[in-house]
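Single-letter residue listing:
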Amino acid sequence: MFMQHTHKRLCVHVAYAIIRDTHTHTKCCRRYICVCCCAPPPAPRPEISVLCLGVGPGGKSTLLAALSGENTDDIQPTNGFAIKAIVTPRAILVVKELGGSEKVQPYWHRYFSGHKAIIFVVDSTASDEQISQSRAALQKCLGDPALSGLPLLVLFHRQDVGGAKPIDELTGKMQLGSIIDGRTCIVKATSIRDVDTLRASFEQLVDCLMDN
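This report concerns the structure included in the present document. (Residues numbered from 1 in each chain as written. Predicted model: local features only at pLDDT ≥ 70, side-chain atom pairs only at ≥ 80, totals over all residues. Heavy atoms only, no water.)

## Topic: the overall build of the protein chain
Helix and strand counts for the protein chain stand at five helices and nine strands. The N-to-C order of helical and strand elements in the protein chain reads β-β-β-β-α-β-β-β-α-β-α-α-β-α. Sorting the 212 residues of the protein chain into buried and exposed places 35% on the buried side. (Helix = DSSP H or I, 4+ residues; strand = E, 2+ residues; numbered from the N terminus. Buried < 20%, exposed > 50% of the residue type's maximum accessible area, 1.4 Å probe, protein only.)

So this is what it looks like as structure tokens:
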């Protein structure tokens, strides 16, 4: 016979067994008690939709593939858009990446609604002209009503490539201080060789979204 009592996440199982004494040939009843933890399963992590943008082939697709556990050996630039799920300790980021080519950029605004944050990737090896184009594209996006006030994560990516500019220089050339318009802005220098820093950047964005 078994009885179960639950109290404060502890389950007490009481078992009774009929034992025959081989010496006296009599029967006796013994009771066994087993206490085990019955903690409920963890609550499901919330899903948060974020937008990933960047001008040109700056490494967006590759870094998202790395963070989602996919092979990065033969990643092609995104045409149109792609969606990746990035799992962090507190939430799952559902990242919608928009292609950065000149043909796709005019259609970015059609995908702006319904997101909670923006990730903007800049190639650290880009020329001054390309950085100026990135700045103009970011400023235009931040001025769209659908993205008003959303937290911004800027990744100065490909820092492992020769000729990469330092983060302070890139921040100045992007003029982030004058275009973020008071929103929360996280700036990180990243590379595909340092996935831990990439992951920590995304986790910091999650913390910002969930703690504010």
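## Let's talk about the side chain of K60
Within the secondary structure, K60 is located in helix α1 (residues 60-67). Among buried charged residues, K60 stands out as having no salt bridge; its nearest opposite-charge side chain is E97, 4.5 Å away. Reaching out from K60, the side chain makes a polar contact with the backbone oxygen of G54 at a distance of 3.3 Å. Contact partners of K60, with chain neighbours within four places excluded, come to C52, L53, G54, E97, L98, G100 and V121. (Lys, Arg positive; Asp, Glu negative; His and termini not counted. Salt bridge = Lys/Arg side-chain N within 4 Å of Asp/Glu carboxyl O. Polar contact = N/O pair within 3.5 Å; in protein donor to acceptor, adjacent residues only side chain to side chain. Contact = heavy atoms within 4.5 Å.)

## What to know about the pairing of strand β6 (residues 92-98)
As judged from the six bridges shared by strand β4 (residues 47-53) and β6, these two strands associate in the parallel manner. Looking at β6, one finds that L51 is bridged to K96. Of the pairings in the sheet, the one linking strand β5 (residues 81-87) to β6 comprises seven bridges and is antiparallel in character. Each residue of the ladder has a partner; that of A82, found in β6, is E97. The hairpin formed by β5 and β6 contains four residues between the paired strands. (Pairing = 2+ DSSP bridges.)

## What about the pattern of salt bridges?
As enumerated under the stated definition, the model contains seven salt bridges in all. The closest approach of N and O atoms between R90 and D207, which form a salt bridge, is 3.0 Å. One end of the pair, R90, is in the loop between β5 and β6; the other, D207, is in helix α5 (residues 195-211), with 117 residues separating them in the sequence. The exposure class assigned to R90 is partly exposed, which follows from its relative accessible area of 32%. Residue classification places D207 among the partly exposed positions, given a relative accessible area of 33%. Residue R158 is joined to D123 by a salt bridge in which the shortest nitrogen-to-oxygen separation is 2.8 Å. Linking R158 in the loop between β8 (152-157) and α3 (167-174) with D123 in strand β7 (residues 117-123), this pair joins segments that are 35 residues apart in sequence. Judged by relative accessible area, which is 14%, D123 ranks as buried. A single network of salt bridges, built from pairs that share partners, joins R90, D207 and D211.

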